[in-house]
Amino acid sequence: MTDKFQPIGVFDSGYGGLTILKEFIQDMPNYDFVYLGDNARAPYGSRSFEVVYEYTLQAVQKLFGMGCQLVILACNTASAKALRTIQQNDLPRLFPDRRVLGVIRPAVESIGDYTSNGHVGILGTVGTVLSNSYPIELEKWAGGKVVKTTQEACPIWVPLVENNELDSSGTEYFVAKNIRNLMNADPEIDSIILGCTHYPLLMPVIKKFVPEGIHILEQGKVVSVKLKEYLFRHPEMDQECSKSGNVKYFSTENTEVFEKNATTFIGKVIKGEKIILK
Ligand code: DGL
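The rules behind each value
Residues numbered from 1 in each chain as written. Predicted model: local features only at pLDDT ≥ 70, side-chain atom pairs only at ≥ 80, totals over all residues. Heavy atoms only, no water. Helix = DSSP H or I, 4+ residues; strand = E, 2+ residues; numbered from the N terminus. Buried < 20%, exposed > 50% of the residue type's maximum accessible area, 1.4 Å probe, protein only. Contact = heavy atoms within 4.5 Å. Areas by Shrake-Rupley, 256 points an atom, 1.4 Å probe, with all protein chains shown as cover. Lys, Arg positive; Asp, Glu negative; His and termini not counted. Charge placed at Lys NZ, Arg CZ, Asp CG, Glu CD. Near = heavy atom within 4 Å. Polar contact = N/O pair within 3.5 Å; in protein donor to acceptor, adjacent residues only side chain to side chain. Nonpolar A, V, L, I, M, F, W, Y, C, P; charged D, E, K, R; others polar. Pairing = 2+ DSSP bridges. Axes fitted to C-alpha atoms, helices over the stretch in contact; angles between N-to-C directions. Core = buried A, V, L, I, M, F, W, Y, C linked by side-chain atoms within 4.5 Å. Parallel < 35°, antiparallel > 145°, perpendicular 65-115°, else oblique. Left-handed = near helix turned anticlockwise from the far one by under 90°. Salt bridge = Lys/Arg side-chain N within 4 Å of Asp/Glu carboxyl O.

**Q** Can you explain the overall build of the chain? Please cite residues and give values.
**A** Broken down by element type, the chain carries 13 helices and 10 strands. Along the first, second and third principal axes, the C-alpha atoms of the chain reach 55 × 40 × 35 Å. For the chain, the residues scored as buried account for 56% of the 278 residues in total. For the chain, the share of sequence-separated contacts (at least 6 apart) that also reach a separation of at least 24 residues comes to 78%. Split by element, the accessible area of the chain, about 12200 Å² in all, is 50% carbon and sulfur. Distance between charge centres in the chain, computed from 29 positive and 32 negative side chains, equals 3 Å.

**Q** For the site of the ligand, give the residues involved together with the corresponding values.
**A** Around the ligand, a shell composed of 13 residues is seen, among which Ser 13, Tyr 44, Gly 45, Thr 77 and Thr 197 lie nearest. Thr 197 places a side-chain nitrogen or oxygen 2.7 Å from a nitrogen atom of the ligand. Residue His 198 places a side-chain N or O atom 2.8 Å away from a nitrogen atom belonging to the ligand. Against a free-state accessible area of 300 Å², the protein chains account for coverage of 99% of the ligand. Classifying every residue of the shell around the ligand gives 5 nonpolar, 7 polar and 1 charged.

**Q** Could you give an account of the sheet that holds strand E6 (residues 148-153), with specific residues and numbers?
**A** On the basis of which strands lie adjacent, the open sheet formed by 4 strands has the order E6-E5-E7-E8 and parallel pairing. Strands with a single pairing partner mark the edges of an open sheet, and in this sheet they are E6 and strand E8 (215-217). Mean inter-strand twist for the sheet, computed between neighbouring axes without regard to direction, equals 20 degrees. Sheet analysis places strand E5 (residues 119-124) next to strand E7 (residues 191-194), joined by 4 bridges and oriented parallel. Paired with Val 120 across the bridge in E7 is Ser 191. Sitting on the sheet, helix H7 (residues 133-141) touches E5, E6 and E7, and the angle it makes with E6 is about 160 degrees.

**Q** Tell me what's going on with the nonpolar core, and back it up with residues and numbers.
**A** Ile 8, Leu 21, Ile 206 and Leu 231 are the most contacted members of the largest nonpolar core, which totals 65 residues. Discounting residues that sit within four places of it in the chain, Ile 8 has contacts with Met 28, Tyr 31, Asp 32, Phe 33, Val 34, Cys 68, Leu 70, Ile 72, Leu 227, Leu 231 and Cys 241.

**Q** So, the packing of helix H1 (residues 18-27) against helix H13 (residues 255-266): which residues are in play, and what are the values?
**A** Taken N-terminus to C-terminus, the directions of H1 and H13 make an angle of 60 degrees; their axes are 8 Å apart at the nearest point. By the criterion of interaxial angle, the relationship of H1 to H13 is oblique. For H1 against H13, the interelement crossing comes out right-handed. Only Ala 262, Phe 265 and Ile 266 of H13 make contact with H1, whose side of the interface consists of Leu 18, Thr 19, Leu 21, Lys 22 and Ile 25.

**Q** Tell me about the pattern of salt bridges, and please be specific about residues and values.
**A** Under the definition given, this model contains 13 salt bridges. Two residues, Lys 221 and Asp 27, come together in a salt bridge whose shortest N-O distance is 2.9 Å. Linking Lys 221 in helix H11 (residues 219-233) with Asp 27 in helix H1, this pair joins segments that are 194 residues apart in sequence. Take Lys 221: its relative accessible area is 38%, and that puts it in the partly exposed class. Arg 105 serves as the salt-bridge partner of Glu 109, at 4.0 Å between the closest nitrogen and oxygen. Of the two residues, Glu 109 and Arg 105 both sit in helix H5 (residues 104-111), 4 residues apart, roughly one turn of that helix. Assessed through its relative accessible area of 31%, Glu 109 is described here as partly exposed. Where salt bridges share partners, they join Arg 84, Arg 105, Glu 109, Glu 137, Lys 140, Lys 226 and Glu 229 into one cluster.

This is the structure we're talking about:
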């Protein structure tokens, strides 16, 4: 095992990735983690491929610079728009021994356990939906289990969450509208993936409008289970991850603002540090 501080990096455009980190800390309390939220430039959801890729690569490089050997893109938009290019073009060239993983595949691999009729709904940002990553990955990985994927982009949800509007009447209006659109597009949907790490914060409102009996998949738990499995399958990477139970938080936003809002997502008071990405 390494005696250097080599935490697992967790990146999101903003606060949403904290819903994933929370599960990592709970399931793997002895590992070190470093969280990086690009809050000053969030949301990424309606930004172009080029810009999301550029920002995500900057964050990954920053996390590598902090000692991370493994980085999780705890952001569907970054996973959809930047992960493949980083894995295929940047890592082999710049950091052949380091790894970057995303959050879409774990959700896709798990949905087969929940759907019984193969009709799956995806709620995500505009970027994630337009990338078609979920339908493509579902076709590849869920085999014959998923017969129909229907997507609904929810462009207002991330700004609502980033602004802590978790249960206002405005929030209810938009959540109800997007869920109605999704269910009208395929009334047979029996499972929905929350394809954005911000959305679990809206769960109480989402549950009000999703018809009873439909399974709603949050990513935190499944991503955490898949990360543990990954480290078990890759002991050479596991050895590179330091384990002293420390967690550090960085944000491109003002520290006070970040610390105040982050508490809602991670459920405890944290100490943040400002960081500049370029
Ligand atoms: N948490 C990000 C995701 O999972 C939010 C994207 C955004 O910044 O719009 O997609």
